[in-house]
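# Chains, contacts and geometry: an overview
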Amino acid sequence: MHLLSPRLIVLYLLLAFVLCVLLVHLRGRVKLRFDRQLVDHSAVFAPYNLLMYAFSAVPATPILDRRGFPQLDLLQANWEAIRAEALSLFDEGHIRAAEKHNDASFNSFFKQGWKRFYLKWYGEPLASAEALCPQTVRLLNSIPSVKAAMFALLPPGSKLNPHRDPFAGSLRYHLGLITPNSDDCRIFVDGQMHAWGDGKDVVFDETYVHWAENRTDQTRVILFADVERPLRTRWMSAINHRVGAFMGSITASPNSDTAAEKVGFVNRAFALNQRGRERSRAFKRKHPKLFRALKYTAMLVFIWLVFLAPWPLVR
């Protein structure tokens with residue numbers, strides 16, 4: 001067989017991809033199981049993320065020195081004004097989960113009680129944010145490196161399980177706004193702990209395994225932002241900027257179903273899939289025997305098509 005045959009080229013690409021996932025998996029002290037990492041959504045970006053790590057202008061550490069990001073001083077200095085707008089949104093119930101499965105990025109978080117209100121998302125601010133929290137939006141717009149931001153709520157007794165965020169083109173910024181000011185309300189990044197506090201902020205690399213918990217009886221609300229990763233060359237920064245803009249456009253989500261705000265392609269597809277799954281579950285509850293019969297028939301048809309059908313493609 002020729003070493004550059006289409007079949008072997010596909011095999012080479014697959015092996016290269018698995019190697020990239022392995023290298024990301026080995027980064028840091030805390031790891032997901034490799035079988036989970038291999039199929040995790042963060043694995044898709046492993047080749048790109050390795051490029052970001054290679055050109056990164058910041059140290060390869062889970063929690064970064066906040067003094068290395070002086071542009072964020074403006075947010076920390078105005079944390080009380082930001083808190084006031086977040087508190088108003090919280091009181092009025094605007095910080096919420098997605099209402100129609102149109103936020104795939106945080107779908108698993110919603111199941112834990114996590115809620116959000118988008119301020120900006122890799123582009124222009126959301127119209128609802130400009131109307132409801134104009135001062136926070138103005139502050140964010142004055143810092144070009146802040147590409148996305150939201151208010152994020154973690155209720156009492158809730159937790160977020162260990163995970164990696166998929167995109168290494170950015171770093172994560174948290175600014176405590178309404179917190180229990182307790183070590184029992186905290187995030188771990190590669191095993192390093194940061195406890196949220198009012199006016200207290202932190203920058204970390206969200207592509208390390210991290211998890212969070214609120215073991216108190218008080219709600220936690222923070223400003224949660226993505227800051228463009230500093231890179232060592234202009235051309236790599238330009239590439240990352242364009243990739244980030246594209247990823248933002250396909251993952252955009254509105255603050256509510258009544259807001260005339262963009263829903264990205266990924267979230268439209270996710271919502272459609274979720275609606276299909278809900279209809280399937282309803283059909284299964286109503287017609288369990290027919291559902292099983294159709295399921296096993298579909299499996300047999302698939303096996304026949306792949307392994308038994310007399311098609312030239314599968315010989």
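Every chain begins its residue count from 1, and numbering advances along the sequence as written. Predicted model: local features are reported for residues with pLDDT of at least 70 only, side-chain atom pairs are reported and counted for 80 or more only, and whole-chain, interface and lining totals are derived from all residues. For side-chain calculations, the full set of non-hydrogen atoms in the structure is used, while hydrogens and water are omitted.

## Overview of the nonpolar core
We count it as follows: The nonpolar core is taken to be a set of buried Ala, Val, Leu, Ile, Met, Phe, Trp, Tyr and Cys residues, with the residues joined through side-chain atoms within 4.5 Å. Relative accessibility thresholds used throughout: buried, under 20% of the residue-type maximum; exposed, over 50%; partly exposed, between the two (1.4 Å probe, protein chains only). Secondary structure elements are taken from DSSP: a helix is a run of H or I of four residues or more, a strand is a run of E of two residues or more, and numbering for both begins at the N terminus.
Ranked by internal contacts, the top residues of the largest apolar core, which has 71 residues, are Leu75, Trp114, Phe151 and Leu223. A per-element tally of this core places strand S3 (residues 146-154) first, with 8 residues.

## As for the side chain of Lys120
Rules: Under the rule applied, a polar contact is a pair of N or O atoms within 3.5 Å (in protein, one hydrogen donor and one hydrogen acceptor; residues adjacent in sequence only if both atoms are side-chain atoms). Residue contacts are defined here by distance: any two heavy atoms, one from each residue, within 4.5 Å place the two residues in contact.
Positionally, Lys120 belongs in strand S2 (residues 115-121). Within the structure, Lys120 has its side chain in polar contact with the backbone oxygen of Val146 (distance 3.2 Å). Here Lys120 is in contact with Pro125, Leu126, Leu140, Asn141, Val146, Lys147, Ala148 and Ala149, once residues within four sequence places are set aside.

## So, the pattern of salt bridges
Pairing of side chains with opposite charge becomes possible as their charged atoms draw close. Filter applied, for reference: Throughout this description, the term salt bridge denotes a Lys or Arg side-chain nitrogen within 4 Å of a carboxyl oxygen of Asp or Glu.
Under the defined criterion, the tally for this structure stands at 13 salt bridges. A salt bridge links Arg27 to Asp205, with the nearest nitrogen and oxygen atoms 3.0 Å apart. Of this pair, Arg27 sits in the loop between helix H1 (6-25) and helix H2 (34-39) while Asp205 sits in the loop between strand S8 (201-204) and strand S9 (210-214), placing them 178 residues apart in sequence. Accessibility assignment for this pair places Arg27 and Asp205 in one class, buried. Note that Asp165 is salt-bridged to Arg172, the shortest N-O span being 2.9 Å. As far as burial versus exposure is concerned, Asp165 and Arg172 are alike and both buried. Connected through shared salt-bridge partners, Asp165, Arg172, Glu206 and Asp226 make up one network.

## Focus: the UniProt feature "domain: Aspartyl/asparaginy/proline hydroxylase" (unreviewed entry) in the protein
Which entries qualify depends on this criterion: UniProt positions are given in the numbering used here, feature names are shortened, and annotations may be inferred rather than shown by experiment.
Within the UniProt annotation, "domain: Aspartyl/asparaginy/proline hydroxylase" (unreviewed entry) is assigned to residues 77-230. Secondary structure across residues 77-230 divides into 21% helix and 37% strand, with the first and last C-alpha atoms of the span separated by 22 Å.

## Some thoughts on the sheet that holds strand S10 (residues 220-228)
For clarity, the cut-off: If DSSP finds at least two bridges between two strands, the strands pair. Axis angles are defined between N-to-C directions and span 0 to 180 degrees, where every axis is a line fitted to C-alpha atoms and, for a helix, only to the segment in contact.
Read from one edge of the open sheet, 6 strands run S1-S8-S5-S10-S3-S2, paired in antiparallel fashion. Each edge of the sheet is formed by a strand with only one pairing partner; in this case those strands are strand S1 (63-64) and S2. Sheet analysis places S3 next to S10, joined by 8 bridges and oriented antiparallel. Looking across to S10, one finds that Val146 is bridged to Val227. Set on the sheet, helix H5 (residues 79-91) makes contact with S2, S3, strand S5 (170-178) and S10; between it and S5 the angle comes to about 75°.

## Remarks on the sheet that holds strand S4 (residues 159-163)
Here 4 strands make up an open sheet; going across it, the order is S4-S9-S6-S7 and the pairing antiparallel. The open sheet has two free edges, formed respectively by S4 and strand S7 (192-195), since each of these has just one partner strand. Taken over all neighbouring pairs, the strand axes of this sheet differ in orientation by 15° on average, direction set aside.

## With respect to the side chain of Asn214
When you line up the elements, Asn214 lands in strand S9. Accessibility expressed as a relative area gives 1% for Asn214, which makes it buried. Setting aside residues up to four positions removed in sequence, Asn214 forms contacts with Leu154, Pro155, Pro156, Gly157, Ser158, Pro180, Asp184, Cys185, Thr219 and Arg220.

## Let's talk about the environment of Asp65
In this fold, Asp65 is placed in the loop between S1 and helix H4 (73-77). Under the relative-accessibility criterion, Asp65 is labelled partly exposed at 43%. Along the chain, Asp65 and Val202 lie 137 residues apart, while their C-alpha atoms are 8.1 Å from each other.

## Some remarks on the packing of H5 against helix H8 (residues 134-141)
Basically, it comes down to this: Roughly parallel here means an angle under 35 degrees, roughly antiparallel means over 145, roughly perpendicular means 65 to 115, and every remaining angle is called oblique. Here is the rule for handedness: rotate from the far helix to the near one, and if that takes an anticlockwise turn smaller than a right angle the crossing is left-handed, while a clockwise turn gives right-handed. Residue classes follow a fixed rule: Ala, Val, Leu, Ile, Met, Phe, Trp, Tyr, Cys and Pro count as nonpolar, while Asp, Glu, Lys and Arg count as charged, and any other residue, Gly among them, counts as polar.
In contact at an axis separation of 8 Å, H5 and H8 are set at 135° when each is read in the N-to-C sense. When the axis of H5 is compared with that of H8, the two are oblique. In the packing of H5 onto H8, the handedness of the crossing is left-handed. Contact residues: H5 offers Ala81, Ile82 and Glu85, while H8 offers Pro134, Gln135, Thr136 and Leu139. Its residues assigned to classes, the contact of H5 with H8 shows 4 nonpolar, 2 polar and 1 charged.

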